[in-house]
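Analysis of the macromolecular model
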Amino acid sequence: MVEPKVQGNISPVGENKPRIDAREKVTGAAVYADDIQFGNGLLHARIKRSPHPHALIKKIDVTKARALPGVKAVVTGEDFPGYIGLYLQDRYIFCRDRVRYVGDPVAGVAASSVEIAEQALDLIEVEYELLPPVLDPEFGAGAEAPLLHPDLGKYVVANFIFPQAGTNISNHFKIRKGDVDGAWEQCAAVVERKYRIPHIQHVPIETHVAIAKVEVTGEITLWGSSQSPFAQRNLIAQSMGISQSKMRVIAPFVGGGFGCKAGVSMEALAVAIATKVKGHPVKLVLTREEEFYTAFVRQGLVAYFKIGCDAQGRLLAMENKFYWDGGAYTEYGVNVTRASGYSSSGPYEVPNIKTDSCCVYTNHPVGGPMRGFGMPEMHAGLEQCIDELALQIKMDAVDFRRLNCLKTGSSLVTGSRMHPTGLPQCIEKAADAIGWGRKAPASAPNKRRGKGLALMWKAPAMPPNAGSSAWVELAEDGSLNVGVGGQDLGQGVFTVAAQMAAAALGVPYESVRVAIPVDTRYSPYEWQTVASRLTWSMGNAIVNAAKDARRQILETVSAAWEEPIENLDIVNGVVISFKSEKEVPLKNLVIYGLPKPDGQGWRGGPIVGRGNFMPTYVTGLDPETGQGERAVVHYTTGAQAVELEVDLETGRIDILRGVSAFDVGKAINPELVKAQMEGGFVQGMSSALFESLQLKGGVLQNPSFVDYRIATSTDAPKDLEAFIVEVPQDDGPWGARGIGEHSMVPTIPAIANAIYDAVGIRLDGPPFTAEKVYLAMLDAGIVK
Amino acid sequence: MTLDTHPTLPEFEYIRPATLAEASDFLARHAGEARPFLGGTDVFVRMRDGFLTPRYLVDVKRLDGMNDLRFDPQAGLTIGAAVNMNRVAAAPEVQAHYPLLAEACRTVASYQLRTRATIVGNICNASPAGDTIGACLLFDGVLHIQGVDGPRLEPLKSFFLGPGKTTLKPGDIVTAIQFPLPPQGCQGTYIKLGRNKLSDLSIVGVTALGCPDAACASGYRFRVALTSVAPVPLVAGAVETCLAENPITPDAIQEAARLAAEASTPIDDVRGSARYRKQMVGKLSARALNAVWRKLG
Amino acid sequence: MAFHKINITVNGAQEQVVVPSNMTLMQMLRESLALTGTKNGCSAGECGACTALMNGEPVNTCMVLAAECDGVEIVTVEGLADDNRLSPLQEAMLATGGVQCGFCTPGVLISSRALLDRNPNPSEDEIREALVGNLCRCTGYVRIIEAVKAAARTQVAASA
Ligand SMILES: Cc1cc2nc3c(=O)[nH]c(=O)nc-3n(C[C@H](O)[C@H](O)[C@H](O)COP(=O)(O)OP(=O)(O)OC[C@H]3O[C@@H](n4cnc5c(N)ncnc54)[C@H](O)[C@@H]3O)c2cc1C
Ligand code: FES
Ligand code: FES
């Protein structure tokens, strides 16, 4: 075989290519939703919200507000009868008959200035009849609780979600595998624990922003800070009763999402208001305080675990009960319940397992997707139980995990088999890097040092038919333009998309552009940017699109050179023949084609490749047992370890070191993967040490950065290490699977286990604030 | 309710008087609807929350003398009201003679906020959590106040009446804070316990200052100021007496710390419980006193 | 409401702007001058996304009234690059991967620039302290801190 004439390592896959969007971001040129200039026609929207956690709306009087000069429109639920929601349509755009949480929207105003819109809100009079609120999911699941959604039985719902009409349970997911009741007597050790995981917020530094404009023809354009332009197109159009083709969503750069900008939330409010002021763009920007009150929250969890193993440490049985505090509407949260159910064994092989995972309506903020999608909450308790179990049978906690963790071919909680996985290697990397088994002296007499480790697994949680698509087209100079519908939230997916497209087609990375902003009118369909699924799913679509373009190019050249396609390749932007050693740069043919000899005309033409991907092999699960052939597409697995110090005088925790090791299948861009692991670790650490939405009687006590603290530059550990393990995914591009969310899943239990190692206390849930740690030590007599 | 926090500052009129007298006169004439401001870092936040609704905000930053920072080897240190905290923390005179004040400033919020935030604003805001107040109390700060009847001096120790309440009357403008020379050989420390390592408001703040003092039986005079644990910043007098009368030993320091805790009257709030706060006053007072004792060598 | 005519220098250009009393410097930059690189993350002085240099010192522009800025000199993120040439800090942020969503980045760059101006060779602790008012939810700060260290090295090398 002839060596290709074009030399050099041309595949950018696996290379640390610079971020494609970084230059715009460091110069201030990157445009985010609130940066778009709309000119003088722009109107400003503000929302009148419920001050009560639960009440009937008796009357809304907007006449005074409408009369205020400068006010262009005032809308209420009366104008918008359609339901909306992703998996369960349980929500109106504006409340119609009752309010279910503090912050529930009851009316919206568009005015010529924010100040006028604000004044108008004060003029809207709402009469409420207060109802008793449900403030605890366990109580809410019971028969005595007031019913929050009497129409639950009538809501439109996805076929894998099981609402219990006549109760507050909007989804009940069950696992029944093996004989749990029979297994307990064979157990040498059993741990039974209850945990409470508080609500937290995502806290992107950019709050939610939406600008909507409705033409006189009824065509709608929405510009939003969005993870899900296509889902927003679909759901908003459905709710408003219009064609999806009349709804266009444009999604510029997003200043962080972490889940809260997925699905539909405040965007529908902006659109609804805009329908009443046709021709005017209407902008709604959530204040930071509103963001805390009304953006999707990571729902609270009350979790019961009972876990047993035999004398050799082999896990035998698990019985788990999860009560998810789904909040006022659980349109998205119902699937967190499902995901935590089908992952409820944790990354372990457990022969006998029974799980009941319930999503419960409460009068708390609306639960939704957040980085980890139920997994950080679930693992927080489970991975502490594992440590406790190991302790009971006097086995090292890492040995215990080595023994029980999922390996390739292990039997899963849902009955199927584990695909090839590098979880065992992740354990070794994390344990080794943290110096497992070696105790370092504390840095001061009033401090105690400890180490902890935890594992995780997580599958992309999505409907079985969540699809991706992509196109590629080439310009006159041979540069490649890649069309995608997925969104870069900071995770770097545009960069990875460019790398994959370049590699799959055979052009230099530097010649690739990604066609952004994503615009549902021009961009190819993508379900949502969630579930850490883009590198894998959208990546597959991009590869398919590149292959399609490649085929078109090679067919043209093959015909022109009268050589079989097998002899040809595209290397570094040049089509070459291994046989004839001919070559032609792409730019010479991708628009105008190639001339036939002797003025016989031309062949080929503009190249546009298209590709899609959908995991057609995903099957359903039995509603009674949760068993099925292939419930999910794959599981990313990993381990984290921490070393920390506890200050005995104050209870303050100082994280000294954090180690992450995840099996990503293949790192398309290793530095971006490591950046996810670091960022996820610190976010996980922040949730472990600082974060909780303090809800009192349904009212948020800390709705601002003043009292909702997140990790700062001085809190982040000085020593953060990230290890990449690569056991390829059979259907991933180059073997890749996701990593974005996983990096904060095991952090809470790793820290909790390290606290136990340091001072011997366990708390019933995060955040492990200095106060909680100190008072627990005081009560346990560890300090005086 | 904070759910109604305004996206922007509500309407008001920005006023920048040319002279102190003019400013004072304006404030007195518009009592109840005009408010002086320096960095605005407290005022603006409270206006967005709807707690303050002034019709006029009077910018007193550029008035005569407000930006002066002067050290006089006889009279001590005078800091103009408008001198921001970064300037105070970086001033060589402060670092040389009142390093505790610089240390306290550096614990407030962030560097960029301290470009605006002032010590006088911190004091006039009269939050029980004000981070610079402990140091100002222990250095026996005296406020220079311009009122409608002319200038007057007011010692800081009698300035605070309750959370957000001071002895200031309509028309009063604090123009500077003045500190006498610090006690010979004194050493101090400020321990701020927040939820984050830095930048948070305090759950408990303990300021300690100690110096050799022949008039005390122990040979030393120690003073402790407590913040976030009572309606107003507190100087724990019992600590001073205890350590003046008893030889300075680890036990005496423990006892003094216990007295500090006893003097505190904390409440439960979102930042911490009363129980934890009381515990922490004891622990951190001991830590602060020990640190100062070590520095005194 | 009262309006004020102010003369202000922004990124070297002299501007005259008429602003209402209640307009913040952040709003003036973003709305009146369309300099949208300065971001709004909280309007409360907490997040640092709106940080810009005012007479050489960093401020939370959401905590400054535009009306106060007569005669003042402002530098925003848009003023950091020299024409098309990125500053060492910007280059370092690209190289270390200190940028993810990018929303905190303008404020981070301004705070870091101010730090290096007053302390060309900061320790890691000094860098962390200088950035404590710039919340970043994406990066975990490590690569941002690396970038400031790297920029400091470049600058020290360049001036040696
Ligand atoms: C994000 C953020 C973080 C913060 N963190 C901290 C912290 O860690 N620790 C802390 O202690 N504080 C903190 N604060 C509060 C605030 O920054 C400080 O109290 C600061 O010192 C106030 O100074 P200022 O000049 O900005 O005051 P201003 O807001 O200008 O004024 C404060 C009060 O004093 C009155 N006043 C101002 N000037 C005069 C005068 N000359 N005469 C009479 N009355 C006057 C005003 O009317 C107002 O009531 C924080 C604030 C913010 C926004
Ligand atoms: S927007 Fe100014 S600090 Fe957040
Ligand atoms: S990069 Fe997203 S907030 Fe810092």
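Residues numbered from 1 in each chain as written. Chains lettered and ligands numbered in written order. Predicted model: local features only at pLDDT ≥ 70, side-chain atom pairs only at ≥ 80, totals over all residues. Heavy atoms only, no water.

1. Looking at a nonpolar patch on the surface
Residue and element names in this part refer to chain C. Stated formally: Nonpolar side chains (Val, Leu, Ile, Met, Phe, Trp, Tyr) within 5 Å and like charges within 9 Å form the patches, drawn only from residues with over 30% relative accessible area and no salt bridge. All accessible areas in this document rest on Shrake-Rupley with a 1.4 Å probe, and a residue is counted as covered only by the protein chains that are shown. Within this document, salt bridges are pairs made up of a side-chain nitrogen of Lys or Arg and a carboxyl oxygen of Asp or Glu, the two lying within 4 Å of each other. Numbering of helices and strands runs from the N terminus; a helix is a DSSP stretch of H or I covering at least four residues, while a strand is a stretch of E covering at least two. Think of it in three bands: residues with accessible area under 20% of the maximum for their type are buried, residues over 50% are exposed, and the middle band is partly exposed, with areas taken using a 1.4 Å probe on protein chains only.
A cluster of nonpolar side chains, namely Met 1, Phe 3 and Val 18, defines an oily patch on the protein surface of about 310 Å² accessible area. Its place among the elements puts Phe 3 in strand E1 (residues 3-10). On the accessibility criterion, Phe 3 (53% relative accessible area) is exposed.

2. Side note on the interface of chain A and chain C
Just so we agree on the cut-off: The criterion used for residue contact is that any of the two residues' heavy atoms lie within 4.5 Å. Throughout, the accessible surface (probe 1.4 Å) given up by two parts as they are put together, summed over both, is called the buried area. Counting of polar contacts relies on pairs of N or O atoms within 3.5 Å, with two restrictions inside protein: one atom must be capable of donating a hydrogen and the other of accepting it, and residues adjacent in sequence are counted only when both atoms are side-chain atoms.
The partner chain C presents 42 residues to the 49 residues of chain A that form the contact. Summing both sides of the interface, chain A and chain C together bury roughly 3800 Å²; the carbon and sulfur share of this comes to 54%. The largest share of the area that chain A buries against chain C comes from Val 26, Ile 205 and Ser 713 of chain A, three residues that together contribute 20% of it. The interface formed by chain A and chain C includes eight salt bridges. Between Arg 137 of chain C and Glu 691 of chain A there is a salt bridge, and its shortest N-O distance comes to 2.8 Å. Between chain A and chain C we count 25 residue pairs in polar contact (both at pLDDT 80 or more) in total.

3. Some remarks on the environment of Glu 215 of chain A
Considering the arrangement of structural elements, one finds Glu 215 of chain A in the loop between strand E11 (209-214) and strand E12 (220-224). When the C-alpha positions of Glu 215 of chain A and Lys 278 of chain A are compared, they lie 5.5 Å apart, and in sequence the two are 63 residues distant.

4. As for empty space enclosed by the protein
Residue and element names in this part refer to chain A. So the rule is basically this: We place a 1 Å grid over just the protein atoms. Points where a 1.4 Å probe fits but has no way out form a cavity, open points with protein on both sides within 12 Å along at least 5 of 7 lines form a pocket, and any residue with an atom within 4 Å of a point lines it. Grid points are joined across faces, edges and corners, and a volume is the space filled by probe spheres set on the points. Amino acids outside the nonpolar list (Ala, Val, Leu, Ile, Met, Phe, Trp, Tyr, Cys, Pro) and the charged list (Asp, Glu, Lys, Arg) are all regarded as polar, and Gly is one of them.
Taken as a whole and judged by the stated rule, the model has seven cavities of 30 Å³ or more. For the largest cavity, the calculated volume is near 620 Å³. In terms of lining, the largest cavity is formed by 40 residues, of which the most central are Gln 491, Ser 532, Gln 676, Gly 740 and Glu 741. The biggest single contributor to the lining of the largest cavity is helix H15 (residues 670-689), with three residues. Considering only residue class, the lining of the largest cavity consists of 22 nonpolar, 13 polar and five charged. The space that makes up the second largest cavity amounts to roughly 230 Å³. Of all the secondary-structure elements, those providing two or more residues to the lining of the second largest cavity are strand E5 (91-92) and helix H7 (267-274). Looking at the lining of the second largest cavity residue by residue, the classes come out as 14 nonpolar, two polar and six charged.

5. Details of the pairing of strand E2 (residues 55-61) of chain A
Cut-off, in case you're wondering: Following DSSP output, two strands are said to pair if at least two bridges run between them.
In this sheet, strand E6 (residues 98-99) of chain A lies alongside E2 of chain A in antiparallel orientation, the contact comprising two bridges. Directly across from Leu 56 of chain A, in E6 of chain A, lies its bridge partner Arg 98 of chain A.

6. Some details on the interface of chain B and chain C
Across the boundary between the two partners, chain B contributes 29 residues, which contact 31 residues of chain C. Together chain B and chain C conceal approximately 2300 Å² of surface at their shared face, both sides included; 58% is due to carbon and sulfur atoms. Of all residues in chain B, the largest losses of buried area upon contact with chain C belong to Tyr 14, Tyr 111 and Gln 112 of chain B, amounting jointly to 29% of the total for that side. Counting the contacts that link chain B with chain C gives two salt bridges. Here Lys 61 of chain B and Glu 68 of chain C are joined by a salt bridge, their closest N and O atoms 2.6 Å apart. Within the residue set of the side of chain B that touches chain C, elements represented by two or more residues are strand E1 (13-15), helix H2 (43-48) and helix H6 (111-114) of chain B. Here the residues of the side of chain B that touches chain C are counted per class, giving twelve nonpolar, nine polar and eight charged.

7. Side note on helix H10 (residues 375-392) of chain A
Residues and elements named next belong to chain A. Here is the rule: Given the number of residues in a helix, its expected span is that number minus one, multiplied by 1.5 Å.
Taking 1.5 Å of rise per residue, the 18 residues of H10 would be expected to cover 26 Å, and the 25 Å separating its terminal C-alpha atoms lies within 8% of that figure. Taking burial as the measure, the 18 residues of H10 include 16 buried ones, the bulk of the element. One or two positions beyond H10, positive phi appears at Lys 394, with a value near 60°.

8. Notes on the domain arrangement of chain C
All names here are of chain C. Short version of the rule: Source of the domain bounds: an automatic or database domain assignment.
What the domain assignment lists for chain C is domain 1 (3-79) and domain 2 (88-159). Distance from the C-alpha centre of domain 1 to the C-alpha centre of domain 2: 22 Å. Contacts between the two partners involve 15 residues from domain 1 and, on the opposite side, twelve residues from domain 2. For the pair domain 1 and domain 2, the interface holds three residue pairs in polar contact (both at pLDDT 80 or more). It is strand E3 (residues 51-54) that provides the largest number of residues to the side of domain 1 that touches domain 2, a total of three residues. Classifying every residue of the side of domain 1 that touches domain 2 by side-chain character gives seven nonpolar, six polar and two charged.

9. A look at the nonpolar core
Here is a general trend for soluble globular proteins: nonpolar side chains tend to be buried in one another's company. Selection rule: To form a nonpolar core, buried Ala, Val, Leu, Ile, Met, Phe, Trp, Tyr and Cys residues must be joined to one another through side-chain atoms within 4.5 Å.
If you look at the biggest cluster of nonpolar residues, it comprises 307 residues, and the most contacted ones within it are Ile 553, Val 575, Leu 644, Ile 751 and Phe 768 of chain A together with Leu 243 of chain B. A total of 13 residues in this core trace back to one element, the largest contributor, which is helix H14 (residues 534-561) of chain A. Ala 23, Tyr 98, Ile 145 and Val 174 of chain B belong to the second largest nonpolar core, which has 55 residues in total.

10. Remarks on the side chain of Glu 563 of chain A
Residue and element names in this part refer to chain A. The test is simple: The convention is simple: Lys and Arg are positive, Asp and Glu are negative, and His and the chain ends are not counted.
Structurally, Glu 563 is set in the loop between H14 and strand E23 (568-571). The side chain of Glu 563 sits in the buried core without any salt bridge; Lys 582 is the nearest counter-charge, 5.1 Å away. The contact partners of Glu 563, leaving out residues within four places of it in the chain, are Ser 558, Leu 568, Ser 577, Lys 579 and Ser 580.

11. With respect to the site of ligand 1
The condition that has to hold: Any residue with a heavy atom positioned within 4 Å of a molecule or strand is treated as near that molecule or strand.
Near ligand 1 there are 36 residues, and of these Arg 35, Thr 41, Asp 42, Thr 118 and Asp 131 of chain B occur at the shortest range. Around ligand 1, the neighbouring residues derive from chains B and C rather than from a single chain. Note that an oxygen atom of ligand 1 is positioned 2.9 Å from one of the side-chain N or O atoms of Asn 122 of chain B. In isolation ligand 1 offers 970 Å² of accessible surface; the protein chains occlude 94% of this area. Elements with a minimum of two residues in the shell around ligand 1: strand E2 (34-37), H2, helix H7 (119-125) and strand E10 (173-179) of chain B. With four residues, H7 of chain B is the largest single contributor of residues to the shell around ligand 1. Split by residue class, the shell around ligand 1 holds 18 nonpolar, ten polar and eight charged.

12. Notes on the packing of aromatic side chains
Residue and element names in this part refer to chain A. The condition that has to hold: Aromatic rings from Phe, Tyr and Trp, taking only the six-membered ring of Trp, are treated as a pair when their centres fall within 6.5 Å; an angle between ring planes under 30 degrees marks them as stacked, one over 60 as edge-to-face, and anything in between as tilted. Each ring is checked for a lysine NZ or an arginine CZ that lies within 6 Å of its centre and within 35 degrees of its normal; such an atom marks a charge sitting over the ring.
Applying the stated criterion across every chain yields a total of 32 aromatic pairs over all chains. Taking 5.2 Å as the distance between ring centres and 65° as the angle between the ring planes, the aromatic pair formed by Phe 230 and Tyr 525 counts as edge-to-face. Here the residue Phe 230 occupies a position in helix H6 (residues 229-240), and Tyr 525 occupies one in the loop between strand E22 (518-519) and H14, the gap between them amounting to 295 residues. Residue Phe 230 is classed as buried on the basis of its relative accessible area of 2%. In this structure an aromatic cluster arises from ring pairing among Tyr 87, Phe 160, Phe 296, Tyr 332 and Phe 373. Lying over the aromatic face of Trp 184, Lys 306 brings its terminal NZ or CZ to 4.2 Å of the ring centre.

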